[in-house]
Amino acid sequence: MSNSAQPNYNGIPVQKSVYLFFGKAVPVLMLFLITILYSRRLSYHDYGTFQSVWMYANLLNVITGFGVTSLLLSSNLSSLAAFIKRHLLKIICAYSVLWIAAMTIFLLYGKNFSTAVKSLLILFVLIQSISIVLETILIKFHKERIVFLISFIYSLLFFGWHYYILLNGFSLHKLIEGIIILSVARFIAMCFFRQKTTIAEEPLNDNRYFKHWVFLGFNDITGVLSRWIDKLLLVYLLTPAEFALFFNGSFEIPLFGLLVSVAGSVMLIEISKSLSAKTKVIHLFTESFRLLSLIVFPLFLFLLFFRTELFAVIFKNKYDASIPIFLISIFILPIRINNYGSILQYYQQGNKIMAGSVLDIGVAIILMILLYPFFGTGGIALAIVTATYCQVFYYMWQSAKVLHTAILSLIPIKALTVTFLITLVLYACLYYSLYKVADNVKLLAAVIATGIFISIGLYLYFSKKRSITYGLI
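Residues numbered from 1 in each chain as written. Predicted model: local features only at pLDDT ≥ 70, side-chain atom pairs only at ≥ 80, totals over all residues. Heavy atoms only, no water.

What about the environment of Thr136?
For step 1, the next point in the chain: Along the chain, Thr136 falls in helix 6 (residues 115–140).
For step 2, the next point in the chain: Residue class for Thr136 comes out buried when judged on its relative accessible area of 4%.
For step 3, the next point in the chain: Sequence-distant contacts of Thr136, defined by excluding residues within four places in its chain, comprise Thr69, Leu72 and Leu73.
For step 4, the next point in the chain: Here Ile132 takes part through its backbone oxygen, which lies 2.8 Å from a polar atom of the side chain of Thr136. (Helix = DSSP H or I, 4+ residues; strand = E, 2+ residues; numbered from the N terminus. Buried < 20%, exposed > 50% of the residue type's maximum accessible area, 1.4 Å probe, protein only. Contact = heavy atoms within 4.5 Å. Polar contact = N/O pair within 3.5 Å; in protein donor to acceptor, adjacent residues only side chain to side chain.)

Following this line, the structure appears as structure tokens:
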């Protein structure tokens, strides 16, 4: 096949993806290590309280940001700057009301810790929200390396402070104080690399732009609420110790959400360069499926086959009661192989994105009410998984309508099926070949094998892409 016969795109830009991925992967890895350390060393009560703090922080962070990050990624910065300049007072007033309302509700109804800790957490959230906006702007200006370096240093210090607090007497108050100082230092570091954005003179449909912003904001809130609604409900129904057991069985596996987030960010940045490239949008979307499946499928099957060994080694059997919840929760992972809202976000279909999030939350709440009396916390986990599948189908249906194509044209079904079946056979053989081996040796072998499976899959994928690019096949 000649070069002239090929489209002028080859998928998601690798270098940009790598920097974005590792820039976000390092903090996730540090949080995972902190989870392990704190799970082992803290009592169930203290650990449950510790995790509830970050549950509230995640919710507040999205509320205070209210769509800004999504808007930055999917918009032309010059046009956005012009819009903000024209409506600066309205925007400041709206966000002030939003922040005051969110923080007041949290101060009144946040559970498990003191008012002093709540106040510190509010300060941390505000600093973090501003930092995320600045980080997104740097990414838009293609400063992924800078973002990665700052994130890497911050993450190491973040982990070090957590470890120091653990060794010197656990205190939520002191922990959050130190994190605030680190967050301020991170913000200052990013300020050194900021760039001035020119203000576009071209006219915009301000009403439509405002509605799009509002829809993105509500979608971000409903999206994070759908991910945390099970824990938000149970933090008021369970004791901190019981909450700790559920949390460790249902916490989001590191890297999965991150992979989807990075892929979605890169897709938005790339396809925003052309307003009519529907063929390119479909190509990037299907390639995201192919690429992420080579990572997600092996990780999912690793967790499925070796879940008992994982809890035995990592948590020293302390959280074995969480394994049934974990088994249910991981079935959300096979479908986490794309950013399903990215097409709708690109075409400014914020109302449909929000509708999907509302659908997710509605189905989850109904199923939780129905299943909790019969299956307890296991029913809560099952409700979340089922609701997520419903939301994904809705997003795919709406994306296909926007692109005037069939849903199946957006999904490389054959490639995904072959990848999954091959990976399933490999893990089945691996598991039964290690059946009588000690847990720690079995887990180590499985981790090494998973790394090999992923590496081979990615090598074959990128080798094929290079061959197509240079006309070798």
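Moving on from the coordinates now.
As for a nonpolar patch on the surface
For step 1, the next point in the chain: Taken together, the side chains of Leu444, Ile448, Ile452, Ile456, Tyr459 and Leu460 make up a nonpolar region of the molecular surface, amounting to roughly 630 Å² of accessible area.
For step 2, the next point in the chain: Structurally, Tyr459 is set in helix 19 (residues 439–469).
For step 3, the next point in the chain: Overall, the relative accessible area of 54% leaves Tyr459 in the exposed class. (Patch = residues over 30% accessible without salt bridge, like charges linked within 9 Å, V, L, I, M, F, W, Y side chains within 5 Å. Areas by Shrake-Rupley, 256 points an atom, 1.4 Å probe, with all protein chains shown as cover. Salt bridge = Lys/Arg side-chain N within 4 Å of Asp/Glu carboxyl O.)

A few points about the packing of helix 12 (residues 278–305) against helix 18 (residues 413–433)
For step 1, the next point in the chain: Running from N to C, helix 12 and helix 18 point in directions that differ by 30 degrees, and their axes come no closer than 10 Å. By the angle between their axes, helix 12 is roughly parallel relative to helix 18. Here the hand of the crossing between helix 12 and helix 18 comes out right-handed. Where helix 12 approaches helix 18, its residues Phe289, Arg290, Ser293, Leu294, Phe297, Pro298, Phe300, Leu301, Phe302 and Phe305 are matched on the opposing element by Ala415, Leu416, Thr419, Phe420, Thr423, Leu424, Tyr427, Ala428 and Tyr431.
For step 2, the next point in the chain: Across the contact of helix 12 with helix 18, the residue classes break down as 15 nonpolar, 3 polar and 1 charged. (Axes fitted to C-alpha atoms, helices over the stretch in contact; angles between N-to-C directions. Parallel < 35°, antiparallel > 145°, perpendicular 65-115°, else oblique. Left-handed = near helix turned anticlockwise from the far one by under 90°. Nonpolar A, V, L, I, M, F, W, Y, C, P; charged D, E, K, R; others polar.)

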